[in-house]
Amino acid sequence: MTTRIVVFEDAGWIRLLPLVYMRGVFELRCGRSDLLSRIVGLTGASEGGATVEILCRPQLADLIHETTGRAVNTSHPEPALLLNGRGLWTKLPETASDAGSWVGTVDGSDDVACIAADAELAGSLTPETVIDQARLRTLLAPLPRRDISDCVQLLDWPWNFVHANGPAMESDWDPASAAIAGQVDEGSYLLAPEHVHIGAGSRVKPCTVIDAESGPVWIGENVTVNPHCYIEGPVVIESGTILQPGAKIREGTTLGPRCKVGGEIEASIVQGFSNKQHDGFLGHSYVGEWVNIAADCINSDLKNTYGMIRVPINGREVNSGEMFVGMVMGDYSKAGINVSFPTGAVVGFSSSVIRPLSPKFVPSFAWIDGDDVQRFDVVRGLAVARKVMARRQREVTPAVEHAFLQVREWALALEHEQQIPLETGQHGLDTIG
Amino acid sequence: MCGIVGYLGVRPVTEVLLNGLQRLEYRGYDSAGLVVSGPAGLKAHRVEGRIDRLRSLAESAPIEGRTGIGHTRWATHGAPSLTNAHPHFDASGRFALVHNGIIENHAAIRSFLNQKGIEFQSETDTEALVQLIGFLYQGTGDLLESVRQALRTVRGTFGIALLSSEAPELLIAARRGSPLIVGVGSDELMVASDASALIGQTSQVLYLDDDEIVTLGPDGLHVSDLDAVAVERDLVTLDLTLEEIELKGHDHHMHKEMHEQPASLQMTLRGRVNSADRKFVLGGLTSLERQLPNVERALLFGCGSAWHAALIGEYMLEELASLPTTVEYASELRYRNPLIESGTLAVGVSQSGETADTLAALREVQTRGATTIGVVNAVGSSMARETDAGVYLHVGPEIGVASTKAFLGQVVVLAMLAGYMGRRRHLSDERLIEFLEGLEELPDKVREALETEQQMKELAFSLADREHWLYLGRGVNFPAALEGALKLKEVSYIHAEGLPAAEMKHGPIAMIDKGMPVVVLAPRDGVYSKVLSNIEEVRSRGAHVIAVTSSEDAELDQLAHDVVRVPETHALLSPVVTSVPLQLLAYHAALAKGRDVDKPRNLAKSVTVE
């Protein structure tokens, strides 16, 4: 059994923007936890244990080291099993000690799911190499391929995370975790309690229904569920989150830590530390951290024609191949009251939308007020971020600050066509649409 | 246009690049350069002027490596200079790019990058593209994604090849609107603007389509589109030989190509005309076979010599097929608001199939509903692929910038098209057979016309000091006169004008003074006597008359100072024969003036810019 596991980001990180401007792809959530924690769980369960290191975009190395506590971007000429960080791993590939280097793929795709690397190869797998598809392909070309479809599902786009979330939560459920350690007030009901976990310090107030008949409900520690809530599994609610009265949390939803949510949320992932406190609908969406969605915001996740939905990732339309796709909202972005988001909308990093109907693509660092589109200054954005984070007792560390400022430059490259009007002052919705 | 070449393989890359550039030099020769990716990173050489200078520089300062790209330039943006010579680098020096085409929004890109503190080294549009790639790479960290992003941003045309010090063993190439061919050899891969650079090195090629990117590396080649979707492409066998592009004893490609005309016309006609069976076999028109008899009018368009060929085609289509025909300059047609009525057959004429104005005109008429045919020499070119049907010239590669065998090939193809259409539209058997026989005899007649070379040489040397020439012709020889004038201008830089003979007296005759050379095309045809009158008019004003005729006529011998005799042909086909001495005249006039015949100043073989 390989004792060195390296979780790496490949070129596919670009497809997961704007969610990964300030996090590694492996920090995205799917199932019971984020992808990295899932891998750590698998390695920890293995005989002899293993160290888990990370190869990521160099610009995020400090931040990811800070958030994960793991060794980041330290290439060593020691044998290693490299696992693609956007993989939903269910088990680790078998690695025989005398097998030599090989590459794991999924369903015949060219994407690299894993690399069993000998010492020499491991030493040449640098962060720069693994995130460059052409260079990685050339380096790995001579190696034999193995299909490891039974070990992992590679998640390519944000909507893949959303659609895999429910089934992953169900398969991740450990019956042994069924327990009610928190307080469930009289007048609340648990349907299929054998599929419910409520962590210590959490409180479920009266007239709430937790319905685990269709899938497990996992509630972390110190979660407050206010009266008249309905929680329909499979659902994961992480520690410190607050459900406002009357919240309807529907199947396939993950709420990350320290969120405040209300209204209706269906089949969505909220990364954490974000607010959608009031009435409104959020469906089949992925929302980042430090996001605020004001009262009565809604998003569409189904076309009237029931057709396939196209999503503007980095401003370019991608056919999702899915009928249900909501919106993607990047970290630190805000939606004003009563904003409607069209099907497949993407809102970038640190942007604001204050108009009845949002454009389908909102570039990062854009302030949209009615028909006017302005550049949201990055320094001002950082100042707002400090205030928002302070309200949850979180600090803007130097690594966070550096990464935040870096996003502006990244966005100029990665959302180039839509950023140009903001840079040159050619304001107007038609210039960014 | 420019020429680009790239190589990845086991042979010394510099030599391969230089040889490839030499073959592409006819595409542009203002400046040249190459860059090699080796142990010491990206190393480049650039020169003003010809490939020979680049070769000398490369030999004096060799660069080791197995991957490289090269470029020979025809200046569009930025003067011909060392600074503007390709390859161009980004600010970090990690990317080197060679480019054929024009980046139309280069100014906006440059302005944006200037704001980001990036300083440019040249005036070229190309540098804007490579600087943009370098800037985007800082964000993406992914070579291919940076190239894709940049190519999605730029507007205009490109055939590019790119090297990066981040991946020394990779070569990335892409195209939009400018041709790019990938050659696959044993242990080596190549890219080039056209097949002439690949001949003799590989016969297996792949023609890239617009907005396709190819990555060449130790693991082979990978083609994808701008959305990163892999594209499966099949290799095809290159149908060109080394023999076709070498000089083979001639001093210039133009001379060789003029003397190839009997054989090249034979190839144009082979399998397509059969007087015994009274038919034309144009396989390239099969898909339109049922539509063509119902065509109501024809619209021909082209640029330069192709436009002249189209003018000749107009006479033929109207005479043989009774088809109302108009001819347009492609450059004008594309920007007009043309009325394309239903039942219009639009015929684009272009040797290279890449001429920007002709391509744009084609797309314009297609948008308006015309059925389109291409008359093209270059197999697999953009026009060949975009038209509804077409007829290749099959005259082989034409390296000389001034068109000779391609022009005659275009005339012959248009003649076949006219006969083909006439066959389906009431052309009598008698006239059809007469025309077919005329076509079949053409190669021999052209061969005979080439025997006038010595006479044309003596004429050229004796008159090369004259500053202004006039070319006159009537009927189907009027366009031949235009072509003759163009040839003289192109290669000798002497001013010449072509006119319908009858128009001359409506103004231009005022120009004629003593000793002014006037070339008159006077084959024995229905307007011969009228042409004789025109000769008298100019002679009486002191012109030095050179008559090109198929006639044995004492009167003409008296009127003209010099009589050039060419064989008689079918009246409609006479331009094919009368053009030959005019080509020879231009060639030798250029020699008399000490001009570079194959690479005239300011010209490019295929004008792929507007």
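Residues numbered from 1 in each chain as written. Chains lettered and ligands numbered in written order. Predicted model: local features only at pLDDT ≥ 70, side-chain atom pairs only at ≥ 80, totals over all residues. Heavy atoms only, no water.

**Looking at the overall build of chain A**
- Secondary structure summary: chain A contains ten helices and 41 strands in total.
- Against the compact-globule benchmark of 22 Å for 433 residues, chain A has a radius of gyration of 21 Å, which places it among compact chains.
- For chain A, restricting intrachain contacts to residue pairs at least 6 apart in sequence, the fraction spanning at least 24 positions comes to 48%.
- Looking at chain A as shown, the accessible area adds up to about 15,900 Å², and 50% of this sits on carbon and sulfur atoms.
- Averaging the coordinates of the 35 positive side-chain charges in chain A and doing the same for the 53 negative ones gives two points 5 Å apart. (Helix = DSSP H or I, 4+ residues; strand = E, 2+ residues; numbered from the N terminus. Rg over C-alpha atoms; globule rule 2.2 N^0.38 Å. Contact = heavy atoms within 4.5 Å. Areas by Shrake-Rupley, 256 points an atom, 1.4 Å probe, with all protein chains shown as cover. Lys, Arg positive; Asp, Glu negative; His and termini not counted. Charge placed at Lys NZ, Arg CZ, Asp CG, Glu CD.)

**Concerning the layout of surface pockets**
- For the largest pocket, the calculated volume is near 1,300 Å³.
- Considering the residues around the largest pocket, the lining is formed by 48 residues, among which Arg15(A), Asp111(A), Gln133(A), Arg148(B) and Ala228(B) are closest to the centre.
- Going through the elements one at a time, α5 (133-140) and β33 (316-319) of chain A together with α5 (143-153), β12 (212-217) and β13 (220-225) of chain B are the ones with two or more residues in the lining of the largest pocket.
- For the lining of the largest pocket, the element with the most residues is α5(B), which contributes five residues.
- Looking at the lining of the largest pocket residue by residue, the classes come out as 20 nonpolar, ten polar and 18 charged.
- For the lining of the largest pocket, the two domains that each supply at least three residues are domain 1 (4-156) and domain 2 (169-369) of chain A. (1 Å grid on protein atoms, 1.4 Å probe; cavity = no way out; pocket = protein on both sides within 12 Å on 5 of 7 lines; lining within 4 Å. Points joined across faces, edges and corners; volume = space filled by probe spheres on them. Nonpolar A, V, L, I, M, F, W, Y, C, P; charged D, E, K, R; others polar. Domains from an automatic or database assignment.)

**Some remarks on the sheet that holds strand β9 (residues 181-185) of chain B**
Residues and elements named next belong to chain B.
- The strand order across the open sheet formed by eight strands is β3-β2-β4-β1-β10-β9-β11-β14, and the pairing between neighbours is antiparallel. Pairing within the sheet leaves two strands with one partner each, and these edge strands are β3 (41-48) and β14 (236-237).
- By the bridge criterion, seven bridges tie strand β2 (residues 31-38) to strand β4 (residues 67-73) in an arrangement that is antiparallel. Across the sheet, residue Gly33 finds its bridge partner in β4, namely His71.
- Sheet contacts for helix α1 (residues 13-24): β1 (3-9), β2 and β4; angle to β1, the most-contacted strand, approximately 155°.
- Set on the sheet, helix α2 (residues 51-60) makes contact with β2, β3 and β4; between it and β3 the angle comes to about 135°. (Pairing = 2+ DSSP bridges. Axes fitted to C-alpha atoms, helices over the stretch in contact; angles between N-to-C directions.)

**A look at the nonpolar core**
- If you look at the biggest cluster of nonpolar residues, it comprises 92 residues, and the most contacted ones within it are Met421(B), Leu439(B), Trp469(B) and Tyr471(B).
- For this core, the element with the highest residue contribution is helix α12 (residues 405-423) of chain B, accounting for 13 residues.
- Apart from residues lying up to four places away in sequence, Leu439(B) is in contact with Leu269(B), Val273(B), Phe280(B), Val412(B), Ala415(B), Met416(B) and Leu573(B).
- Within the second largest apolar cluster, 90 residues are counted, among which are Leu28(A), Trp89(A), Leu154(A) and Leu155(A). (Core = buried A, V, L, I, M, F, W, Y, C linked by side-chain atoms within 4.5 Å. Buried < 20%, exposed > 50% of the residue type's maximum accessible area, 1.4 Å probe, protein only.)

**Notes on the sheet that holds strand β26 (residues 562-565) of chain B**
All names here are of chain B.
- On the basis of which strands lie adjacent, the open sheet formed by five strands has the order β23-β22-β24-β25-β26 and parallel pairing. With partners counted over all chains shown, the strands left at the sheet margins are β23 (495-500) and β26, one partner each. Within this sheet the neighbouring strands show an average axis-to-axis angle of 20°, counted without direction.
- Bridging between strand β22 (residues 468-473) and strand β24 (residues 517-521) involves three bridges; their strand directions are parallel. Along β24, the bridge assignment pairs Leu470 with Val518.

**Describing the interface of chain A and chain B**
- Each side of the interface is counted separately: chain A has 25 residues, and chain B has 29 residues.
- Summing both sides of the interface, chain A and chain B together bury roughly 2,200 Å²; the carbon and sulfur share of this comes to 53%.
- The interface formed by chain A and chain B contains five salt bridges.
- Our enumeration of links across chain A and chain B arrives at ten residue pairs in polar contact (both at pLDDT 80 or more).
- Every element with two or more residues in the side of chain A that touches chain B is listed here: α5, α8 (398-414) and α9 (416-424) of chain A. (Buried area = accessible area lost by both parts, 1.4 Å probe. Salt bridge = Lys/Arg side-chain N within 4 Å of Asp/Glu carboxyl O. Polar contact = N/O pair within 3.5 Å; in protein donor to acceptor, adjacent residues only side chain to side chain.)

**Remarks on the domain arrangement of chain A**
Residue and element names in this part refer to chain A.
- We note that the domain assignment places domain 1 (4-156) and domain 2 (169-369) within chain A.
- Here the C-alpha centre of domain 2 lies 28 Å away from the C-alpha centre of domain 1.
- Listed as interface residues are 15 residues of domain 1 and, on the opposing side, 26 residues of domain 2.
- Inspection of the domain 1/domain 2 interface yields five salt bridges.
- Counting every contact that joins domain 1 to domain 2 gives nine residue pairs in polar contact (both at pLDDT 80 or more).
- Of the residues in the side of domain 1 that touches domain 2, the class split is eight nonpolar, one polar and six charged.

**Considering a negative patch on the surface**
- On the surface, a cluster of negative charge is made up of Glu430(B), Glu434(B), Glu437(B) and Glu440(B).
- Position of Glu434(B) relative to the elements: it lies in helix α13 (residues 429-449). (Patch = residues over 30% accessible without salt bridge, like charges linked within 9 Å, V, L, I, M, F, W, Y side chains within 5 Å.)

**Describing the state of the cysteines**
- As enumerated under the stated definition, the model contains zero disulfides over all chains in all.
- Among the cysteines around Cys151(A), which has no disulfide bond, Cys114(A) carries the closest sulfur, lying 7.6 Å off.
- Taking relative accessible area as the criterion, Cys151(A) reaches 4% and is therefore assigned buried.
- Here Cys2(B) stays unpaired: no disulfide links it, and the sulfur of Cys303(B), its closest cysteine neighbor, is 18 Å away. (Disulfide = S-S within 2.5 Å.)

**With respect to unusual backbone geometry**
Residue and element names in this part refer to chain A.
- For the bond from Leu17 to Pro18, the omega torsion is 5°, close enough to zero to count as cis.
- Its place among the elements puts Pro18 in the loop between β1 (4-8) and β2 (29-30).
- Notably, His228 is not glycine yet its phi reads approximately 65°, a positive angle.
- Assignment of secondary structure puts His228 in the loop between β18 (224-225) and β19 (230-232).
- Non-glycine residue Tyr306 carries a positive phi angle of around 55°.

**Comments concerning the environment of Asp210(B)**
Residues and elements named next belong to chain B.
- Here Asp210 is to be found in the loop between β11 (204-207) and β12.
- Each C-alpha atom, one on Asp210 and one on Arg175, is 5.4 Å from the other, the two residues being 35 residues apart in sequence.
- Asp210 has contacts with Arg175, Arg176 and Gly177, leaving out every residue within four places of it along the chain.
- Within the structure, Asp210 has its side chain in polar contact with the backbone nitrogen of Gly177 (distance 2.8 Å).

**What about the side chain of Glu483(B)?**
Residues and elements named next belong to chain B.
- The topology assignment puts Glu483 in helix α15 (residues 477-492).
- Using a relative accessible area of 3% as the deciding quantity, one classes Glu483 as buried.
- Side chain to side chain, Glu483 and His308 meet in a polar contact 2.7 Å long.
- Apart from the residues lying within four places of it in its own chain, the contact partners of Glu483 are Ser305, His308, Ser403 and Phe407.

**Considering the side chain of Thr138(A)**
- Note that Thr138(A) resides in helix α5.
- A polar contact is formed between the side chain of Thr138(A) and the backbone oxygen of Ala134(A), at a distance of 2.9 Å.
- In this structure, Thr138(A) is in contact with Glu169(B), Leu170(B), Pro218(B) and Asp219(B), ignoring residues within four places of it in sequence.

**Re the environment of Val379(A)**
- Locating Val379(A) in the fold gives a position in helix α7 (residues 378-390).
- In sequence terms Val379(A) and Glu401(A) are 22 residues apart; their C-alpha atoms lie 9.8 Å from each other.

**With respect to the pairing of strand β4 (residues 51-55) of chain A**
Residue and element names in this part refer to chain A.
- The buried count for β4 comes to four of five residues, which makes it a mostly enclosed element.
- Of the strand pairs in this sheet, β1 and β4 are connected by five bridges, and their pairing is parallel. When the sheet's bridge partners are listed, Ile5 is paired in β4 with Val52.

**Considering the pairing of strand β26 (residues 269-272) of chain A**
- Bridge count for strand β23 (residues 253-255) of chain A against β26(A) is two bridges, and the pairing is parallel. Pairing of Leu255(A) across the sheet is with Val270(A), part of β26(A).

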